[in-house]
Structures are given as C-alpha cells and as structure tokens.
Amino acid sequence: MSHGITSRDRQEGRHMGWHNLTQINEVLDLKNNWLTKWDIQEVGLKTVGDIEVPFKILTGTDDNEFIGKPFAGTYTPVSNKAFLDMIGEAISGVKGAVVESVGSVNNRGRVFVSLSIKGMESFKVGKREFKDFLNFGNGHDQTSALWTNASNTCTVCDNTFSMNLHGEQEVKCKVKHSKDVIARLDNIVEIIDAYAGTQAKFKAQFERLLNEPMKVDKARDLFAGWMIRSTSEEGRDLGPKTLTKVNRLTDLFQVGKGNNGANRADAFSAVTDYYTHESTRRSGRNVTRQVFSSEYGLGRMAKTDFWNVIRNDDRVNAYAANGKKALAMLS
C-alpha cells in the first residue's frame, strides 16, 4: 500500500490524488482540517510489575490507539496544533496562501500540509505551464524530522511525503525532534522568500533552453544516447524496444504539446510528456500506474535525470555522439 493511508488516516485536498482516496474539501484551511480533529498525547510506560520506565509512547486523543514506537526523553514530539500554528505563523505575512492538501499516513505516523501561493501556484515559460507547492511535514513515528520545502510535488500520500522529505530541492529545511524543535526551524520566512527565487531561477533556465536551437536529427541522436545511458567510446546497441522509445520521443519533440522540434526545451518537454503519459506498460493506459511512475517512481527519476542532461553542453554532446553511433549500427 504505497499511499500509506490506513483506516486511521485521511488525506483531504481540493483535488483528487493519484490514489483516488482524497476526501475533497474545497474550503480547506489551517483551522478546519483532518489534523484539527485529533492530536497526539504522551503516555508513560510501565513494566509488567507496574514499575515506570523512562520511555513514553504517543496515542491519538480521539481513539487512544498507539502512534509510532516508544521514545526517550531526548525526543521531543511536535503536536498537530503546534505544527499547524507554526505553519500559520510562517505564512501570516504571505498574501494568497491556499491550503491544497492536509493529511496523515502510516497509521498517523506522518502528517503533512501542502499550500499554494496565489501568483506562484502555476507559471508559464513559453507555452508550457508548471506548478509549485510549499510543503510542510512532521513525523510522530520517528521516521521523519520536522521539515519544509518548495517543490512541484504536492504531498498527498506516504510516497510524496518521502519524496519531499528526502529530495534534492534547492529550497528545503529539516529539524530533528530535539529540544526547542519548533524554535529551531527559525528560517521558514527565508525559505518562503527563497521559494520565489527558485521559481525565477527555473524560469531563467527554461528560457535558456528555449533559445538553444536543436535540430531533429540531433534530438534523435541525443534520445538514443540517453536511453542507452552510454557516453563511452565503445557505445552500446539499441534494442527494438529502446528504438521504439527513441522514435516516440523524436515524434514528441516535433509535435508534442507546445513543441515544434526547434530547441532544447522541446527535447525536455518530449521526455516530460513521454514519462508523464506513456512510459508504463500498454502505453500508460493504466492511469494509476502511469501517474505513480511519473510523479513518484522511475518516470520521475528519468525526467529529473534528463533535466540535468539537457542543461549540460558536454553531456548533451556526449550522449548525442554515442546515440548517433548506435543508430548508425542499425543501418
């Protein structure tokens, strides 16, 4: 169960998540959401002989069921109320902040909030539209620090929680559950400010790709070299399945949404389109499997890798050169 939403959990959102378990709530806010319906409480532990031990465990205030595992005095839990209050204080000076998703996963072991900010929730570069989210997460089961980040992934499940927690976003902060954990996450305002800077940086990088010409033959060579992941002098053979993917990417480079086969941005968009809609078995007709791969699995990894490739002249040229050799071997 990759979404991690158990019978004790819930994910509320303005839009349905990939798992189809979202409880739609178009008026979500920090005062009225799933995390305000319950909280954590600390319970002392005793041995069979009724002797107290220096460990506690968390339970839910609504059902008294255990959450997570026992912890010592060096661990400081962060309640749902403190978590939501922290977020509220962080965005108090931000106009247009909208709660997009709230929830818990892993038997209430992890909780999260994702927001969009008006004017920054989506943006266009050329003819293409992108989305961004400001995410917050907290762990009640000791599997997660208290964290915040800015990414294009809205937290709606355990997988997206992990991606935002462990990802390599430029705008990110994590704090362990030790003394004064809330107070030590003192740079949230700076993170929100950096959020805007990250968007501007991405726009600038994508604008550069729009202005980097690329012909169809070079794009096909690049796709071939990248698909076989070969930058060695010896090269590698293209199998029939890989060649089919290369041909499809070349088609998308020319006629994919917003593309006209003219620049590096079209090459990146071709890869994005393919791994978003068509990369799984039966050309993506199993929508749930395709979405999972695209946003949280191998598809996302492929898109991230190609983004790093397409911005690097040396890697583009190396992959294209070896792709050209591999294609020539098929003639």
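For the structure, see preceding data.
If you're wondering where the values come from, they're calculated on a predicted model, not measured in any experiment.

Rules and cut-offs
Residues numbered from 1 in each chain as written. Predicted model: local features only at pLDDT ≥ 70, side-chain atom pairs only at ≥ 80, totals over all residues. Heavy atoms only, no water. Helix = DSSP H or I, 4+ residues; strand = E, 2+ residues; numbered from the N terminus. Contact = heavy atoms within 4.5 Å. Areas by Shrake-Rupley, 256 points an atom, 1.4 Å probe, with all protein chains shown as cover. Salt bridge = Lys/Arg side-chain N within 4 Å of Asp/Glu carboxyl O. Pairing = 2+ DSSP bridges. Axes fitted to C-alpha atoms, helices over the stretch in contact; angles between N-to-C directions. Buried < 20%, exposed > 50% of the residue type's maximum accessible area, 1.4 Å probe, protein only. Core = buried A, V, L, I, M, F, W, Y, C linked by side-chain atoms within 4.5 Å. Parallel < 35°, antiparallel > 145°, perpendicular 65-115°, else oblique. Left-handed = near helix turned anticlockwise from the far one by under 90°. Nonpolar A, V, L, I, M, F, W, Y, C, P; charged D, E, K, R; others polar.

> Any chance you could explain the overall build of the protein chain here in plain terms?
For the protein chain, the count of helices and strands is ten helices and twelve strands. If you take every contact in the protein chain between residues at least 6 apart in sequence, the share linking residues at least 24 apart comes to 58%. A total accessible area of about 16,600 Å² is found for the protein chain, and carbon and sulfur atoms account for 51% of it.

> Whenever I open this one, the pattern of salt bridges confuses me. Can you help?
Opposite charge on two side chains allows them to pair when their charged atoms are near. Counted under the stated rule, the structure contains eleven salt bridges. One salt bridge connects Asp62 with Arg108, and the closest N-O pair in it is separated by 2.7 Å. Taken as a pair, Asp62 in the loop between strand E4 (52-60) and strand E5 (66-71) and Arg108 in the loop between strand E6 (97-105) and strand E7 (110-117) lie far apart in primary sequence, 46 residues in all. Between Arg264 and Asp313 there is a salt bridge; the shortest N-O distance is 3.0 Å. Of this pair, Arg264 sits in helix H7 (residues 264-277) while Asp313 sits in helix H10 (residues 313-328); the two residues are 49 residues apart in sequence, bridging distant segments of the chain.

> Mind showing me how you'd approach the sheet that holds E5 here?
Sheet strands pair via backbone hydrogen bonds, and the direction of the pair is either parallel or antiparallel. Spatially, E3-E4-E5 is the arrangement adopted by the three strands of the open sheet, whose pairing is antiparallel. Of all strands in the sheet, those bounded by a partner on one side alone are strand E3 (40-46) and E5. For this sheet, the mean inter-axis angle between neighbouring strands, taken without regard to orientation, is 25°.

> Where do I start with the pairing of E6 in this structure?
Looking along a regular strand, one sees the side chains alternate between the two faces of the sheet. Most of E6 sits out of view: seven of its nine residues are buried. Summarising the sheet, strand E1 (residues 10-13) and E6 pair through four bridges and their orientation is antiparallel. Within E6, the position partnered with Arg10 by the bridge is Ser104. Turn length for the E6-E7 hairpin, with the two strands adjacent in sequence and antiparallel, is four residues, and the turn residue Asn106 shows positive phi of about 55°.

> Just to check I follow, could you spell out the side chain of Thr59 for this structure?
Mapping Thr59 onto the fold places it in strand E4. Here Thr59 is in contact with Asp39, Ile40, Gln41, Val43, Asn64, Glu65, Phe66 and Ile67, once residues within four sequence places are set aside.

> Help me understand the sheet that holds strand E10 (residues 133-139) in this model?
Strand order in the open sheet made by the seven strands is E2-E1-E6-E7-E10-E11-E12, with mixed pairing throughout. Two strands lie at the open edges of the sheet, namely strand E2 (23-24) and strand E12 (172-175), each paired on one side alone. One ladder, built from eight bridges, connects E6 with E7; its direction is antiparallel. Within E7, the residue paired with Ser104 across the bridge is Val111. Taken strand by strand, helix H1 (residues 80-90) contacts E7, E10 and strand E11 (146-151), and its axis lies near 15° from that of E7. Helix H2 (residues 158-166) contacts E6, E7, E10, E11 and E12 of the sheet and is inclined by roughly 75° relative to E7.

> Looking at this model, I keep getting lost on the environment of Ala183. Mind explaining?
Within the element layout of this structure, Ala183 appears in helix H3 (residues 181-184). A C-alpha to C-alpha distance of 9.4 Å links Ala183 and Met86, two positions 97 residues apart in sequence.

> Sorry, what's going on with the nonpolar core here?
The nonpolar side chains of soluble globular proteins are, as a tendency, buried together. In this structure, Met214, Leu222, Phe223, Trp226, Phe306 and Ile310 are the most contacted members of the largest nonpolar core, which totals 33 residues. Mapped onto this core, the elements with two or more residues apiece are helix H4 (188-210), helix H5 (216-227), helix H6 (240-255), H7, helix H9 (298-310) and H10. For this core, the element with the most residues is H7, which contributes seven residues. With residues near it in sequence (within four places) discarded, Leu222 still touches Met214, Phe306, Val309, Ile310, Val316, Tyr319 and Ala320. The next biggest cluster of nonpolar side chains, apart from the first, holds 29 residues, and it includes Val99, Leu115, Ala150 and Val181.

> Help me out: how do you make sense of the packing of H6 against H7 in this one?
A pair of packed helices can be characterised by two numbers: the angle between their axes and the separation between those axes. For the pair H6 and H7, the least separation of the axes is 8 Å and the interaxial angle reads 120°. Classed by the angle they form, the pair H6 and H7 counts as oblique. Two packed elements cross with a definite hand, and for H6 against H7 that hand is right-handed. Of the residues in H7, those touching H6 at Lys245, Arg248, Leu249, Leu252 and Phe253 are Asp266, Ala267, Ala270, Val271, Asp273 and Tyr274. For the contact of H6 with H7, a count of residues per class yields seven nonpolar, no polar and four charged.

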